[in-house]
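# Architecture at a glance
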Amino acid sequence: MTMRVLGIETSCDETSVAVVEAGDGPTRIVGSLVSSQIELHQEFGGVVPELATREHLRNLPLLTYAILQETGLRWQDIDALAVTQGPGLASSLLIGHSFASALSLTLSKPLWGVNHLEGHLFSPFLANERPVQFPFTGLIVSGGHTLLMRVGDWNTYWKIGATVDDAAGEVFDKVARLMDMPYPGGPEIERTARSGNPQAYDFPRSFSERHNYQFSFSGLKTAVRYFLEKNPNVREDPDWQADICASFQQAVIDVLVRKTISAAQYLGDRLITASGGVTCNQALKRSMAEACEKAGIELLWPTPALSTDNASMIAAVVAEKAMAGKAPECLPDVDPNLVLAITQPGGEIERGMRSAKKLKDRQTRESLKSRAVL
Ligand code: KG4
Ligand code: ZN
């Protein structure tokens, strides 16, 4: 049996429509279109929700028409529709949700809703054309989120840790702005860091105690800001940004890699995945790959096209879940603050804890357990 799902993603500043096919082999992308609004928002230094909404409204019908043209598919070839129902910008989500609901009614096709973060979480499997495999430790690093998840099965997601302030992508964007670099800051910082020394400045790594799986990046951002204020003369060097970018980037990478590896080892997971816009960063990919190899853990990484927001990952979640007999419902309305389902103690958490039997530190385990259900 094969199943074709048309996905729609409009949660932030990318309008995207894609078709994926699930069946006997791994799920694959039949066609994918993404209309990025980066240039539009660049002059404001960040996403302007009203502008994003207007662009989605204009582009979504065009992209839907174009994806059918490009793939040569007709509506009768599509079995189901998938749409991002949250989290994200309320007005942007509404465009996708209303459009998908109207399509579903007109065409009499089932519509299933997907959590945007769930899309990111499983995107490394889609990118590598690998069947989804459980359990795994999944890191999500984007402009709005930094989340470390333990994924036991479909709908069995346990939050190991999250940022208490800025997200990883957000801190790249904010630090870039401190150095007069354009939005989005991640790609600019990565490019500039290539000619810099990552050991030039010792910027802080927060929450560095063992088994603390929370993240905090605002102290790092403030450290860069104070450094620039106290050392105005650094700007006299024509390459003044390179060492700061390299040292800042290294601080973010160290924290992400250390906590992800430590969580996987603690839980006894043999597979790590990473996803979200920040996984476009090749230095992060190299560091994580090295650490995984050392620890004997397999790593799955998305392609750049599947790292940033896209509808393929949304359609793939629906297709895979439907094939596994876990068809997701669609909420009647969007939820800008939608959280990933978090398992309650007694289920996945207990199993995860049992698999961490090498570690005797009961207190740490208890505190990890209580945070996971926050
Ligand atoms: O997942 P995404 O496209 O959108 C959200 O859902 O947030 O992520 C966008 C974020 C931005 O903050 C951007 O600066 C960051 O991903 N990003 C990067 C790189 N490319 C994009 N961060 C670090 N290095 C990169 N190469
Ligand atoms: Zn995203």
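Structure report, in brief. Bear in mind that the values here come from a model prediction, so they are computed numbers and not experimental data.

Regarding its fold elements, the chain presents 13 helices and 10 strands. At 21 Å, the chain has a C-alpha radius of gyration in line with the 21 Å of a compact globule built from 374 residues. Structurally, the chain occupies a C-alpha span of about 65 × 50 × 30 Å along its principal axes. Among the 374 residues that make up the chain, the fraction classed as buried is 53%. Partitioning the intrachain contacts of the chain with sequence separation of at least 6 by distance along the chain shows that 73% fall at a separation of at least 24. Summed over all atoms, the accessible surface of the chain reaches about 16,100 Å², with 51% contributed by carbon and sulfur. Distance between charge centroids for the chain: 8 Å, based on 36 positive and 43 negative side chains.

Counted under the stated rule, the structure contains 15 salt bridges. Between Asp202 and Arg205 there is a salt bridge; the shortest N-O distance is 3.9 Å. Judged by its relative accessible area of 73%, Asp202 falls in the exposed class. Residue classification places Arg205 among the partly exposed residues on the basis of a relative accessible area of 25%. Among the charged side chains, a network of salt bridges with common partners joins Asp166, Glu170, Lys174 and Lys221.

Right, let's get into empty space enclosed by the protein. Within this structure, the stated rule accounts for one cavity of 30 Å³ or more. If you add up the space inside the largest cavity, you get close to 70 Å³. As for the largest cavity, its lining consists of Gly119, Phe122, Ser123, Phe125, Leu126, Val132, Trp154, Met313, Ala316, Val317 and Glu320. When contributions to the lining of the largest cavity are tallied by element, the ones reaching two or more residues are α4 (116-127) and α11 (312-323). At five residues, the largest contribution of residues to the lining of the largest cavity is made by α4. Tallied by class, the residues present in the lining of the largest cavity amount to eight nonpolar, two polar and one charged.

Protein-derived coordination of the zinc ion (ligand 2) comes from His116 (NE2), His120 (NE2) and Asp309 (OD), at a distance range of 2.1 to 2.2 Å. For the zinc ion (ligand 2), the four donor atoms in the first shell make angles of 93 to 147° at the metal, a pattern classed as irregular. All donors of the zinc ion (ligand 2) come from a single chain, and their spacing in sequence reads H-x3-H-x188-D. Placement of both His116 and His120 in helix α4 is noted, with a separation of four residues, approximately one turn of the helix.

In the structure shown here, the tally under the stated rule is 13 aromatic pairs. Taking the centre distance of 5.1 Å and the plane angle of 75° together, the rings of Phe172 and Phe248 count as edge-to-face. Taken together, the residues span a long stretch of sequence, with Phe172 in helix α5 (residues 168-178) and Phe248 in helix α8 (residues 240-267) at a distance of 76 residues. One aromatic cluster in this structure is built from Phe122, Phe125, Phe134, Phe136, Trp154 and Tyr157.

Residue placement: Lys326 occurs in the loop between α11 and α12 (348-355). Setting aside anything within four residues of it in sequence, one finds Lys326 in contact with Trp154, Asn155 and Lys321.

This part takes up the sheet that holds strand β8 (residues 156-162). Two strands in a sheet stick together by hydrogen bonds in their backbones, pointing the same way (parallel) or opposite ways (antiparallel). With mixed pairing, five strands are arranged side by side in an open sheet as β8-β7-β6-β9-β10. Both outer strands of the open sheet, β8 and β10 (298-300), are each paired with one neighbouring strand and no more. Neighbour-to-neighbour, the strand axes of this sheet turn through a mean angle of 25°, independent of strand direction. Two elements, strand β6 (residues 136-141) and strand β9 (residues 271-275), share four bridges in a ladder whose sense is parallel. Bridge pairing in β9 places Ile140 opposite Ser275.

Cut-offs used in this document
- Residues numbered from 1 in each chain as written.
- Chains lettered and ligands numbered in written order.
- Predicted model: local features only at pLDDT ≥ 70, side-chain atom pairs only at ≥ 80, totals over all residues.
- Heavy atoms only, no water.
- Helix = DSSP H or I, 4+ residues; strand = E, 2+ residues; numbered from the N terminus.
- Rg over C-alpha atoms; globule rule 2.2 N^0.38 Å.
- Buried < 20%, exposed > 50% of the residue type's maximum accessible area, 1.4 Å probe, protein only.
- Contact = heavy atoms within 4.5 Å.
- Areas by Shrake-Rupley, 256 points an atom, 1.4 Å probe, with all protein chains shown as cover.
- Lys, Arg positive; Asp, Glu negative; His and termini not counted.
- Charge placed at Lys NZ, Arg CZ, Asp CG, Glu CD.
- Salt bridge = Lys/Arg side-chain N within 4 Å of Asp/Glu carboxyl O.
- 1 Å grid on protein atoms, 1.4 Å probe; cavity = no way out; pocket = protein on both sides within 12 Å on 5 of 7 lines; lining within 4 Å.
- Points joined across faces, edges and corners; volume = space filled by probe spheres on them.
- Nonpolar A, V, L, I, M, F, W, Y, C, P; charged D, E, K, R; others polar.
- Donors = N, O, S within 2.8 Å, 3.2 Å for Na, K, Ca; no water.
- Tetrahedral: all angles 85-135°; square planar, octahedral: opposite > 155°, others 65-115°.
- Phe/Tyr/Trp six-rings, centres within 6.5 Å; stacked < 30°, edge-to-face > 60°.
- Pairing = 2+ DSSP bridges.
- Axes fitted to C-alpha atoms, helices over the stretch in contact; angles between N-to-C directions.

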